[in-house]
Amino acid sequence: MSTANPAAPQGGEIRSPPTHRPPVCPVCCTHSDSSPKRWFPSSTGIPQVTAVGTFLRQRGKKQCPAAWQLGVAGGDAGGAHCWDATAARKRTMKPLKLFGMVVFCGLLSPTQGVLSGLSCAISPRAMQQVLSDAIIQTGLLEKHLQGMALPNIMSDRGLLSSPTIITGLHLERSWLPTLSIALLPGIGMQLVVTVHLDLSGNCLMGILSEVIAISLDVTITSNIKSTSFELGTVHVTVDDCFCILGAVKIKLISGLLSLSVHDMVFSHLTATLPGLLCPVMDAVSEIVNVQLLSTLNVVMPVGLKGMVHYHLVGPPFTSGSSLMMDLDGTVQQMGGSIIPHDSYASTLPPLLDGLLVIILRQSFLSSLLALLLHIQPYTFPCSSEAFSGANQLRDSITDLYPTGCTSCPAASPLSIRVECVGNPILLLEPNKATVELSVLLQVFVKRPDGSVIILLLLKADLSLNVRLSISRGSLMLAFSLSRVSLFLESSDIGISEISNLKPHLTKLLVEIYLPRLNAVAADGIPLPDVFGITLMGAELQILLGLLAISV
């Protein structure tokens, strides 16, 4: 049986540095010469890189990411050590071919010359929140960590001693996970996950068997890149995965823990954990990719009249401050044709301290309004029960009858038919939104024999003020009348002058047409739920030709 380490604290916990030499760090230790390099933590908190034979020390350059915090800041005398996953396994770069977009993108130059109805920019803080919720808060990472199969550990048999064997090694719990991301301009995204692992198993030393407990911090770092975008498919690779092990604490119930057992366990975890943890991150990343993709490739109903299909139109791309994407919305009538819209380049407003900014282009919104505001023609009597100015309108029309008109109805009740013509056009100017649309107003009389006399056929060009807001993930619109222009199209009885009718017809439009227009717009325009980022409390900014939504 191995002898206990006399320097070990009570309970068998050993925190002294391992006696083996630290392995080469593939991230930090890059030099121009060909001598072997190793990474060591320094006692002053400055990482140092030593070239064997020359003892060249570099300060503040190419530091091993997060290693110093895990080792030295954690109070471990042994410091932190950095290993590449490739030291334990060969990992092939596997492209994830997803239709549309995979969120962990990295990324190419902005899309040029594509039809884009809307664009968005997401801050690193928002991406970190989204990924933390998807990977950590949902328990996805913990679930996959629990599925790891840890191999047994066996020491070499000495001449005079029995081997030490650790079997049944498994994860008891993972806790205190944290996640951070860094955008790599023009390259992709770096994902860093830190988690504390508690392992346990059975340790057989000679003929004595007892429970062994192992506790350690580990940081897993991987770079996620988009290599191409073709025919709506983003090709993504997850590579450069490496692990950083922090302080490793080992306990036996008896407290009889030798330094050799500590070194054996430490060396084993060094060799095996990267090969277990990097596949876990690959699997987790792929699941989250698909989940977040679904928020960018979605068909949403627009009332009962049609739908809009939001989808990515080019590769996402990163700057140092945001992840940016161009999307389009295909607007289609129910069982009918697609309503086209124009596209043009535009600049995204700055994110500042926000999480997300979405810009909707004027032409795209106009195509949605053509679907949303489509109202079937309707007819109503010209009576005071229908609208308050009915009697005045009827008297004014009677006054316009030509002298000696024999076909003009004397006391027959009037009817009015309202029909939308053409598509509405949205105009966006700084701090102002208006909609221009046209309606036909037909004032007619129906004779007892069933024939119809059209007293007036008028075209009314309306200019409507639009009040915009966000509610329940949709863009809400409320209309009020700004201006009316009336044009006489025809008259069966020869009326030629209609200027006196404008006040009465304006009242008719305000009391009859606008309520119907606001009613069909009540559900609003559905917006894509980009990565699940809520639009609650969003601020709207109306720019020239653009509507910006900021969270």
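Predicted model, so just to flag it, every value in this text is computed and none were measured.

1. Topic: the pattern of salt bridges
In step 1: Tallied over the entire structure, the rule returns five salt bridges.
In step 2: Ionic pairing is found between D240 and K225, a salt bridge with its closest N-O pair at 3.5 Å. Taken as a pair, D240 in strand 10 (residues 233-252) and K225 in strand 9 (residues 208-230) lie far apart in primary sequence, 15 residues in all.
In step 3: For K225, a relative accessible area of 23% gives the class partly exposed.
In step 4: Note that R417 and E419 form a salt bridge whose closest N and O atoms lie 2.7 Å from each other.
In step 5: Here E419 falls in the partly exposed class, since its relative accessible area comes to 27%.
In step 6: A network of salt bridges, in which partner residues are shared, links K225, D239 and D240.

2. Notes on the layout of surface pockets
In step 1: Put simply, the second largest pocket is a space of about 240 Å³.
In step 2: Residue lining of the second largest pocket: 16 residues in total, with A370, L373, H374, G422 and N423 positioned closest to the centre.
In step 3: Taken together, the elements giving at least two residues each to the lining of the second largest pocket come down to helix 5 (362-372), strand 18 (415-429), strand 19 (432-446) and helix 7 (502-520).
In step 4: Residue contributions to the lining of the second largest pocket peak at five residues, all from strand 18.
In step 5: Residue composition of the lining of the second largest pocket, by class: 10 nonpolar, five polar and one charged.

3. Topic: the nonpolar core
In step 1: I214, L360, F479, Y513 and F531 are the most contacted members of the largest nonpolar core, which totals 140 residues.
In step 2: Among the elements that line this core, the one with the most residues is helix 4 (residues 259-293), at 14 residues.
In step 3: Filtering out sequence-adjacent residues up to four positions away, L360 remains in contact with G117, L118, L365, L475, L527, G545, L546, L547 and I549.
In step 4: Of all hydrophobic cores here, the second largest spans five residues; its members include A121, F317, L351 and V357.

4. Some remarks on the environment of G117
In step 1: Assignment of secondary structure puts G117 in the loop between strand 4 (96-99) and strand 5 (118-122).
In step 2: Here G117 is in contact with L327, D328, H341, I359, L360, R361 and F364, once residues within four sequence places are set aside.

Reading the values: rules and limits
Residues numbered from 1 in each chain as written. Predicted model: local features only at pLDDT ≥ 70, side-chain atom pairs only at ≥ 80, totals over all residues. Heavy atoms only, no water. Salt bridge = Lys/Arg side-chain N within 4 Å of Asp/Glu carboxyl O. Helix = DSSP H or I, 4+ residues; strand = E, 2+ residues; numbered from the N terminus. Buried < 20%, exposed > 50% of the residue type's maximum accessible area, 1.4 Å probe, protein only. 1 Å grid on protein atoms, 1.4 Å probe; cavity = no way out; pocket = protein on both sides within 12 Å on 5 of 7 lines; lining within 4 Å. Points joined across faces, edges and corners; volume = space filled by probe spheres on them. Nonpolar A, V, L, I, M, F, W, Y, C, P; charged D, E, K, R; others polar. Core = buried A, V, L, I, M, F, W, Y, C linked by side-chain atoms within 4.5 Å. Contact = heavy atoms within 4.5 Å.

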